[in-house]
Amino acid sequence: MKQFWHGKRVFLTGASSGIGEGLALALAARGAVTGLVARREELLRELERRCDKAGGIARAYTADVTDPSALQEAFDSFIHEFSTIDILIANAGIGGGDERTRSYQPEAVKHVVDVNLMGAVNAVHAVLPSMLEQGRGQLVAISSLAGFRGLPRSAAYSASKAAMTAFFESVRLDVQHKGIDVTIIQPGFIKTPLTSGREAKMPYLMELDDAIPLFLRAIERRKKFAAFPWQLATIVRAGKFMPAWMYDRIAGRARFRE
């Protein structure tokens, strides 16, 4: 559905690497107009050039998603130049897999929640008024299968993604009759900088190039929920209905965060 993306105005957070970088380049190849948001200016500027070369129109905005004013300023610049927005992809996120989060240090846990949850909240706050004014748009949350139930050594990350999913589902209920679609995407393990450096084998680990078309398809079809790979999504969904004693016995043996 390359035609779907041609000329679409997309505001993408967490664009400078991993899933965000992959999405940015894929959107550019399909002719989208993309606002690229991330903290690392050098990587962002290089990505902007690559997107332009791939056939799209890209603008780089250096901003931290935890700073609502900076994010609002970036979006205002995007709207000033391109007049409208079609899709927000709230992708910015961190894993929080260090010892500080694993020992539940409050500031470390708060940082994960601030980026993964509040960063998405700040993005929605920036773009939604414009969507409501024009009576159309799509909010996309890049959440995670890790948000279905708590995982070992992942308290901060699982909590942030569970909260992100619930937040966007609530938003969907609020805006579903106002021309706004909400898509929540819950991927499993994807080979990106976020998953690099782990010694343990991650089940059903996907290559980024294989995962990107699944993200795009979910957005194109305006799906309310999309989870993949299907094998891991099936297992995780089954775990949601397990009694606590059974879930603890099975999930407690997981070592993929090591």
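Structure report, in brief.

Cut-offs used in this document
Residues numbered from 1 in each chain as written. Predicted model: local features only at pLDDT ≥ 70, side-chain atom pairs only at ≥ 80, totals over all residues. Heavy atoms only, no water. Helix = DSSP H or I, 4+ residues; strand = E, 2+ residues; numbered from the N terminus. Buried < 20%, exposed > 50% of the residue type's maximum accessible area, 1.4 Å probe, protein only. Pairing = 2+ DSSP bridges. Right-handed = clockwise from strand over helix to strand, strands pointing away. Patch = residues over 30% accessible without salt bridge, like charges linked within 9 Å, V, L, I, M, F, W, Y side chains within 5 Å. Areas by Shrake-Rupley, 256 points an atom, 1.4 Å probe, with all protein chains shown as cover. Salt bridge = Lys/Arg side-chain N within 4 Å of Asp/Glu carboxyl O. Lys, Arg positive; Asp, Glu negative; His and termini not counted. Charge placed at Lys NZ, Arg CZ, Asp CG, Glu CD. Axes fitted to C-alpha atoms, helices over the stretch in contact; angles between N-to-C directions. Parallel < 35°, antiparallel > 145°, perpendicular 65-115°, else oblique. Left-handed = near helix turned anticlockwise from the far one by under 90°. Contact = heavy atoms within 4.5 Å. Nonpolar A, V, L, I, M, F, W, Y, C, P; charged D, E, K, R; others polar. Phe/Tyr/Trp six-rings, centres within 6.5 Å; stacked < 30°, edge-to-face > 60°.

Section: the environment of Ala 63
- Within the secondary structure, Ala 63 is located in the loop between strand 3 (57-62) and helix 4 (68-82).
- Overall, the relative accessible area of 5% leaves Ala 63 in the buried class.
- C-alpha of Ala 63 to C-alpha of Phe 167: the two residues are 104 residues apart in sequence and 22 Å apart in space.

Thoughts on the pairing of strand 3
- Bridging between strand 2 (residues 33-38) and strand 3 involves six bridges; their strand directions are parallel. If you follow Ala 38 over to strand 3, its bridge partner there is Thr 62.
- A crossover connection joins strand 2 to the parallel strand 3 through helix 3 (residues 41-54); in handedness this β-α-β unit is right-handed.

With respect to a positive patch on the surface
- On the surface, Arg 217, Arg 221, Lys 223 and Arg 237 cluster together into a patch of positive charge.
- You can see Arg 217 is positioned in helix 8 (residues 208-220).

Re the packing of helix 6 (residues 106-134) against helix 7 (residues 155-175)
- Packing of helix 6 against helix 7 leaves a shortest axis separation of 8 Å and a crossing angle of 20°. Overall, the two elements helix 6 and helix 7 adopt an arrangement that is roughly parallel. Two packed elements cross with a definite hand, and for helix 6 against helix 7 that hand is right-handed. On helix 7, the residues that touch Val 109, Val 112, Val 113, Asn 116, Leu 117, Ala 120, Val 121, Val 124 and Leu 128 of helix 6 are Ala 156, Tyr 157, Ser 160, Lys 161, Ala 163, Met 164, Phe 167, Phe 168 and Val 175.
- Class assignment for the residues of the contact of helix 6 with helix 7 results in 15 nonpolar, two polar and one charged.

Remarks on the packing of aromatic side chains
- All told, the structure shown has nine aromatic pairs when counted by the stated rule.
- Here the aromatic rings of Phe 215 and Phe 228 are separated by 5.0 Å at their centres, their planes lie at 90°, and the arrangement is edge-to-face. Placement of Phe 215 in helix 8 and of Phe 228 in strand 7 (residues 225-228) is noted, with a sequence separation of 13 residues between them.
- Take Phe 215: its relative accessible area is 0%, and that puts it in the buried class.

A few points about the environment of Ala 28
- The residue Ala 28 is located in helix 2 (residues 18-29) in this model.
- Under the relative-accessibility criterion, Ala 28 is labelled buried at 2%.
- Sequence-wise, Ala 28 and Arg 50 are 22 residues apart; in three dimensions their C-alpha atoms are separated by 8.7 Å.
- Not counting chain neighbours up to four residues away, the residues in contact with Ala 28 comprise Cys 51, Ala 54, Gly 55 and Gly 56.

Quick look at the sheet that holds strand 1 (residues 9-13)
- As summarised here, the arrangement of the seven strands in space is 3-2-1-4-5-6-7, forming an open sheet in which the pairing is parallel. Each edge of the open sheet carries a strand with a single partner, namely strand 3 and strand 7. Put simply, the sheet's adjacent strands are angled 15° from each other on average, direction ignored.
- Where strand 5 (residues 137-142) meets strand 6 (residues 180-187), six bridges bridge the pair, whose relative direction is parallel. From the neighbouring strand, Gln 138 faces strand 6, where its bridge partner is Asp 181.

Quick notes on the side chain of Ser 160
- Along the polypeptide, Ser 160 turns up in helix 7.
- Beyond its immediate sequence surroundings of up to four residues, Ser 160 is in contact with Val 112, Val 113, Asn 116 and Leu 117.

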